[in-house]
Amino acid sequence: MHRSAPRLTRILACAAVPVMLVVAGCSSDSDSKGSGSDGGSSSSSEASALGGGEQSQPAVEPAKYAKLPQPCKALASKTVEELVPKVKNKSGTAGTSNDTGARGSCSWNGLEDKGVKGSNYRWLDVSFQRFESESGLGSGEERAKDAYKKEVAAVRATEKAKSVNSSPASGVGEEATAISFGLTKSGEDFKYATIVARTGNVVVTLGYNGTGFAGAKNPDPAQLMKDAVTAAKEATASVAKAN
């Protein structure tokens, strides 16, 4: 028997698990020491402190990518329709961003009603974060590597996640990790597949999840992950195409 519309609405509203990226930077200072040979060295030391004592920051490697793709166009319409049957909005719903050159996201969802066989729900989202090379913080690639590790840790630590597993995802960017887990929401068991990848100075996170309602089977975790990896390859490749 189908669940009531109000309850189903509440279930769908909480299907996605937002993931926040945390970026940390560090800087270092260096001091130089001078020495004098006689009593007149005091004035030269003062001159050095006032003028020649300053040291310039070492140059950092320029960032590989200067811009991000449009998140809602990072995946082909065919890919979206295959992963999200009966997708509600084929164009996707863009996430809010106060700096589209540094971060952006998009999501799609759909409910395929199979009548007496139940309904299949799917959610797909992709997010991008780009890092500039900055003196004192490091190169864009170094900063992205740090953010990539933090993002993997954040997904693995998803609250109330069950049976969390992670492994390298080959062929996705320069480095990538595939993370799978289960999550119970409003009495329904959702299956999640998340790919966190890095390409140059950009971190890409793709999430794919779903469940079966009213007697429909839950998605197969292995197939869910296979589809997520395919989509993540496409999303990651879109970064290079945008530049």
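Scroll up to find the structure this text is about.
Keep in mind the model is a prediction, meaning the values are calculated, not measured. (Residues numbered from 1 in each chain as written. Predicted model: local features only at pLDDT ≥ 70, side-chain atom pairs only at ≥ 80, totals over all residues. Heavy atoms only, no water.)

## A look at the nonpolar core
Heads up, the rule is: Take the buried residues of types Ala, Val, Leu, Ile, Met, Phe, Trp, Tyr and Cys, join any two whose side-chain atoms come within 4.5 Å, and each joined set is a nonpolar core. Categorising residues by exposure relies on relative accessible area from a 1.4 Å probe, with only protein chains included: less than 20% of the type maximum marks a residue as buried, more than 50% marks it as exposed, and the intermediate range marks it as partly exposed. A run of DSSP states H or I qualifies as a helix once it reaches four residues; a run of E qualifies as a strand once it reaches two. Both are numbered from the N-terminal end. In what follows, a contact means two residues having at least one pair of non-hydrogen atoms within 4.5 Å.
With 32 residues, the main nonpolar core has Leu75, Trp108, Leu124, Phe128, Val172, Ile195 and Leu206 as its most contacted residues. A per-element tally of this core places helix α5 (residues 221-242) first, with eight residues. In this structure Leu75 touches Val80, Trp108, Leu124, Leu206, Ala231, Glu234 and Ala235, once residues within four positions along its chain are discounted. In terms of nonpolar packing, the next biggest core, distinct from the first, is built from 17 residues, Ala144, Tyr148, Val155 and Leu183 among them.

## Details of the pairing of strand β3 (residues 119-130)
Consecutive residues of a regular strand have side chains that alternate between opposite faces of the sheet. Test applied: Think of it this way: DSSP has to see at least two bridges between two strands before they count as a pair.
Of all twelve residues in β3, ten are buried, a share of seventy percent or more. Here eleven bridges tie strand β2 (residues 103-113) to β3, and the two strands are oriented antiparallel to one another. The partner of Glu112 across the bridge, within β3, is Asn120. In terms of strand pairing, β3 meets strand β7 (residues 202-213) through twelve bridges, oriented antiparallel. Bridging across to β7, Asp125 finds its partner in Gly207.

## Observations concerning helix α4 (residues 140-156)
Our working definition: By this rule the span expected of a helix is its residue count minus one, scaled by 1.5 Å.
In this model α4 runs 24 Å from its N-terminal to its C-terminal C-alpha over 17 residues, within 8% of the 24 Å that 1.5 Å per residue would give. Tucked into the core, α4 has its buried residues touching β5 (175-185), β6 (188-199) and β7.

## Describing the sheet that holds β7
Applicable threshold: Structural elements are reduced to axes, namely lines fitted to C-alpha atoms, with helices fitted over the stretch in contact, and the angle between N-to-C directions of any two is expressed from 0 to 180 degrees.
Strand order across the open sheet formed by seven strands is β1-β2-β3-β7-β6-β5-β4, with antiparallel pairing between neighbours. Strand pairing shows two members of the sheet lacking a second neighbour, β1 (93-94) and β4 (162-168), which therefore form its edges. One ladder, built from five bridges, connects β4 with β5; its direction is antiparallel. Note that in β5 the partner of Pro168 across the bridge is Thr177. The strands touched by α4 within the sheet are β4, β5, β6 and β7, with β6 carrying the most contacts at an inclination of about 170°.

## Some details on the state of the cysteines
Definition in use: Disulfide: a pair of cysteine sulfur atoms within 2.5 Å of each other.
Evaluation of the coordinates by the stated rule reveals one disulfide. Through a disulfide, Cys72 is tied to Cys106; the S-S separation comes to 2.0 Å. As the torsion about the S-S bond is roughly 100°, the Cys72-Cys106 disulfide counts as right-handed. Placement of Cys72 in the loop between α2 (41-52) and α3 (77-83) and of Cys106 in strand β2 is noted, with a sequence separation of 34 residues between them. Given a relative accessible area of 2%, Cys106 falls into the buried group.

## Considering the packing of aromatic side chains
To keep it simple, the criterion reads: Two rings belonging to Phe, Tyr or Trp (six-membered ring only in the last case) form a pair when the distance between their centres is within 6.5 Å. Interplanar angles under 30 degrees mark stacking, angles over 60 mark edge-to-face geometry, and anything in between is tilted.
Summed over all chains, the structure comprises three aromatic pairs. Centre to centre, the rings of Tyr121 and Phe213 are 6.4 Å apart; their planes meet at 55°, and the pair counts as tilted. Of this pair, Tyr121 sits in strand β3 while Phe213 sits in strand β7; the two residues are 92 residues apart in sequence, bridging distant segments of the chain. Pair check on accessibility: Tyr121 and Phe213 agree, each one buried. Between Phe181 and Tyr192, the ring centres sit 4.9 Å apart and the planes meet at 10°, which makes this aromatic pair stacked. Taken together, the residues span a long stretch of sequence, with Phe181 in strand β5 and Tyr192 in strand β6 at a distance of eleven residues. Just as Phe181 is buried, Tyr192 falls in that class too. Pairwise contacts between aromatic rings join Tyr121, Phe190 and Phe213 into one cluster.

## Topic: the pairing of β6
Along β6, ten of the twelve residues are buried, which leaves the element largely enclosed by surrounding structure. Summarising the sheet, β5 and β6 pair through eleven bridges and their orientation is antiparallel. Counterpart to Gly182 in the pairing with β6 is Lys191. Linking β5 back to β6 in an antiparallel pair, the connection comprises two residues, with Ser186 at a positive phi of about 50°. Where β6 and β7 come together, nine bridges link them in antiparallel fashion. Within β7, the residue paired with Tyr192 across the bridge is Asn209. A loop of two residues connects β6 with β7, the two strands running antiparallel in sequence, and Gly200 in this loop sits at a positive phi of about 60°.

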